[in-house]
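# Chains, contacts and geometry: an overview
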Amino acid sequence: MKQLFGTDGIRGKANQYPMTPELALKLGKAVAIKFAVGESRPRIVIGKDTRLSGYMLETALTSGLVAMGADVLLVGPMPTPAISHLTRSLNADAGIMISASHNHAEDNGIKIFDSKGYKLFDEDEEEIEKIIFSEKMESGALNGKHIGKAFRINDAQGRYIEFAKASIGNISLRGIKAVVDCANGAAYRVAPQIFSELGVEIMPINHEPDGLNINLNCGATHFAGLIQKVLETKADIGIALDGDADRVIIIDSEGKEINGDRILAALALDMQNNNELAQNTVVATVMSNAGFEKHLKNNRLKIVRAPVGDRYVIEEMRKNSFTLGGEQSGHIIFGKYSTTGDGIIAALQIMRLMKQFGKPVSKICNSFELFPQVLVNVKVREKKPLNEIASVQKLIDSYSKKFAGNGRILVRYSGTENICRVMIEGANENEIKLAAEEIAEKIRGVIGVE
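Here the structure is a predicted model, which is why all the values come from computation and not from measurement.

Each value, and the rule that gives it
Within any chain, residue numbers begin from 1 and follow the written order of that chain's sequence. Side-chain atom pairs in this predicted model are given and counted only at pLDDT of 80 or more, local residue features only at pLDDT of at least 70, and totals for whole chains, interfaces and linings cover all residues. Excluding hydrogens and water, the side-chain values take into account all heavy atoms of the structure. Whenever Lys or Arg places a side-chain nitrogen within 4 Å of a carboxyl oxygen from Asp or Glu, that contact is recorded as a salt bridge. Strands are runs of DSSP state E lasting at least 2 residues, helices are runs of H or I lasting at least 4, and numbering of each runs from the N terminus. Note on classification: 1.4 Å probe, protein chains only; a residue is buried when its accessible area is under 20% of the maximum for its type, exposed when over 50%, partly exposed between these limits. For this analysis, a ring pair means two rings from Phe, Tyr or Trp (six-membered ring only for Trp) whose centres lie within 6.5 Å, classed as stacked if their planes differ by under 30 degrees, edge-to-face if by over 60, and tilted for the remaining angles. Here, a charge over a ring means that NZ of Lys or CZ of Arg falls within 6 Å of the ring centre while also lying within 35 degrees of the ring normal. Axis geometry follows a simple rule: fit a line to the C-alpha atoms, using only the stretch in contact for helices, then measure angles between N-to-C directions, giving values from 0 to 180 degrees. Here is the rule for handedness: rotate from the far helix to the near one, and if that takes an anticlockwise turn smaller than a right angle the crossing is left-handed, while a clockwise turn gives right-handed. The contact rule is simple, with two residues in contact once any of their heavy atoms fall within 4.5 Å. In this classification, Asp, Glu, Lys and Arg are treated as charged, Ala, Val, Leu, Ile, Met, Phe, Trp, Tyr, Cys and Pro as nonpolar, and every other residue, Gly included, as polar. Here the expected length of a helix is defined as 1.5 Å per residue gap, with one fewer gap than residues. Pairing of N or O atoms within 3.5 Å defines a polar contact, subject to two protein rules: one partner must be a possible hydrogen donor and the other a possible acceptor, and residues neighboring in sequence count only if both atoms are side-chain atoms. When DSSP locates at least two bridges between a pair of strands, those strands are taken to pair.

All chains considered together, the criterion is met by 31 salt bridges. In this structure, the salt-bridge partner of Glu316 is Lys319, at a minimum N-O distance of 3.5 Å. On the criterion of helical spacing, the pair formed by Glu316 and Lys319 is a turn pair, its members being three residues apart in helix H10 (residues 310-320). Classification of Lys319 as exposed rests on a relative accessible area of 61%. Salt bridges sharing partners connect three or more residues here, namely Asp8, Arg11, Lys111, Lys119, Asp244, Asp246 and Asp310.

On to the packing of aromatic side chains. Within this structure, the stated rule accounts for three aromatic pairs. Positioned over the ring face of Phe368 is Arg262, at 4.9 Å from the centre of the ring. The lysine or arginine in question, Arg318, covers the ring of Tyr118, its NZ or CZ lying 3.6 Å from the ring centre.

Following both chains from N to C, one finds helix H5 (residues 156-166) and helix H11 (residues 343-357) inclined at 30 degrees, their axes separated by 9 Å at the closest point. Relative to H11, H5 is oriented so that their crossing is right-handed. Within the contact between the two elements, H5 uses Tyr160, Phe163 and Ala164 and H11 uses Ile344, Ile345 and Leu348. For the contact of H5 with H11, a count of residues per class yields six nonpolar, no polar and no charged.

This brings us to helix H8 (residues 260-273). For H8, built from 14 residues, the straight-helix expectation of 20 Å at 1.5 Å per residue is met to within 8% by its first-to-last C-alpha distance of 20 Å. Counting buried residues along H8, 13 of its 14 residues qualify, which places the element largely inside the surrounding structure. Two or three places before Asp261, at the opening of H8, Asn259 has a side-chain oxygen 3.1 Å from that residue's backbone nitrogen. Downstream of H8 by one or two residues, Asn275 has phi in the positive range, about 55 degrees.

Our focus in this paragraph is the side chain of His102. In this fold, His102 is placed in the loop between strand S4 (94-98) and strand S5 (107-114). On the basis of relative accessible area, His102 is assigned to the buried category, the value being 18%. Reaching out from His102, the side chain makes a polar contact with the side chain of Arg247 at a distance of 3.1 Å.

Our focus in this paragraph is the environment of Arg352. Along the chain, Arg352 falls in helix H11. Taking the C-alpha atoms as reference points, Arg352 and Ile168, separated by 184 residues in sequence, lie 6.8 Å from one another. A distance of 2.7 Å separates the side chain of Arg352 from the side chain of Asp270, its partner in a polar contact.

The subject of this paragraph is the sheet that holds strand S18 (residues 419-426). The strands making up a sheet associate through hydrogen bonds between their backbones, and the pairing can be parallel or antiparallel. Across the sheet, which stays open at both edges, the three strands sit in the order S16-S18-S17 with antiparallel pairing between neighbours. Lying at the two open borders of the sheet, with one neighbouring strand each, are strand S16 (373-379) and strand S17 (407-413). Looking at each pair of strands side by side, their axes are set apart by 10 degrees on average, direction ignored. Judged from the seven bridges that link them, S17 and S18 form a sheet pairing that is antiparallel. When the bridges of S18 are listed, Val411 appears paired with Val422.

So, on to unusual backbone geometry. Residue Pro18 is reached from Tyr17 by a cis peptide bond, and omega for that bond is 5 degrees. Residue placement: Pro18 occurs in the loop between strand S1 (10-13) and helix H1 (21-34). Even without a glycine there, the phi angle at Asn184 is positive, about 50 degrees. Tracing the chain through its elements places Asn184 in the loop between strand S7 (177-181) and helix H6 (190-197). The exposure class of Asn184 is buried, given its relative accessible area of 7%. Backbone geometry places Asn206, a non-glycine residue, at a positive phi of 50 degrees.

The next thing to look at is the sheet that holds strand S3 (residues 71-77). Read from one edge to the other, the open sheet built from six strands follows the order S1-S5-S4-S2-S3-S6, with strand pairing classed as mixed. The open sheet is flanked by S1 and strand S6 (150-152), the only strands paired with a single partner. Taken over all neighbouring pairs, the strand axes of this sheet differ in orientation by 20 degrees on average, direction set aside. For S4 and S5, the ladder comprises five bridges, and the chain directions are antiparallel. Residue Ile98 lies in a different strand from S5, and its bridge partner there is Ile110. In the packing of helix H3 (residues 80-89) onto the sheet, contacts are made with strand S2 (43-48), S3, S4 and S5, and the angle to S4 comes to roughly 165 degrees.

Bear in mind that shape data such as this cannot, by itself, settle questions of function.
Right, dumping it as C-alpha cells:
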C-alpha cells in the first residue's frame, strides 16, 4: 500500500507534509538510488511549472539527488509532456516534474518518469517509498568527487518546441485565428511560440505568471474568460491548457466547449482513415461518455476503458500497443509521438484537421451527441471506502438499479484531492441531476467538509 504516491505522483499543500523540502530531499536521494546505473552517475531531468513553491522543491530535490551521486539537468518552467520528451532526448535515466497540474497555487506535486518518458508503474513508486523509509537514506554518504552536479540546460525549450511542431509534419496553420489560454502555467512561453511559428494568428491570455496565479479562474478547468475572448475577437478556436499543459479543452467559434471525448473521436476517425489506429481501438476511461462510445462503435471502432488517470490509459496502451488514448478531461495521448498527455500536440492535431478539411472546429469535433452527464464534486475530510458507509452504498445501489440499461452511475474518490466525485449518465437530465445531488448530499452528511 503506497503512503506517498497517488494516481498522479505525490501531491499536497506546499510546505505541508508530504510536499515539504525535507520530504523532497529524501525523495531526491531515493530516486538517485533507484535509478543508479552501475558505476556511472544517473542523470535526472527536473522541470517545474510556475508555482512559487517550485523553487523550494526543485532545490531540495536537487540537493538530495546530487548528495547521492546523481547529475541533475535543470530545465526550468516547462510543460509536463516536455519533461517526458526531454528525459528521452537528453538520454537521462529519469525525469521529475514539479507540478500539481490543474490545482491552485497553494498545492504542488512531484511526478516521476522513467528513462523512456513514461510515468512510473505502481511497483516502482512503492520501491521508491521503501527506500525513503529505509536505512538506505542514512547509509553510504558520498563525498568529494563522488557527489553529483547540477547543470542548467539552456536549449531545453527549443528541443521541445521543435518536437511539438514536428508532430504535424510540414503543414502550415496560417489562416487560423486562435486564443490561447496558458493558465499562467508551465506553457506560458512555449505554447505561444509553437503556435505562432506554425503560422497561427494567436492571442495569448493568462500568460503572465507571478507564482500565485496559476490556474486562477483560467485554463482547462475555468474557461469562461476564454469563451468571452473567442467571441469578442471572432477567433476560429480557443485553446485552454491547464497548469502543466498535459491536457487541453477546446472552444469553438461559437463559444461552445469541445472536451476530451470529442477531441478523441475526431482524432480516432482521422487515424482510422490513415491506417494509424492500432487494432481500430481507442483507450478511454470509465468517465468517458456513452455517446462517445456509441459513436466509435457506429464507425466500427472499439473502446477499451481504463481507470481514471492518464497513467492508467497509458499503461493500457503500452500493454496492447494501442496508438491513441485519453480522458474526457482533455488528456490526449498519441502513441506515435508522446508517452504522456500533451495538450499542445492535441491542439495542433485538431488545427491540422481544420486546415486539411477546410472546416471549422465545430464541424471537425461535434459529429455526435453526448448523453446527458452530471458530475458533482463533494469535498470530504477522509476517503473512507464507500461500501463501508451503508447509507451511501444503499442509495447508490438503488439508483444503479433504476438507471440500469438507460444510464450508469460512477462514484469515486479523486486520486489527487480530498474530493468524492458523483457522476451519473442517463437519458433524462433533470432526473440524473436530482439523483446526483441526493447521493452527493448523503456523502456530504457523513464525511463532508463543513
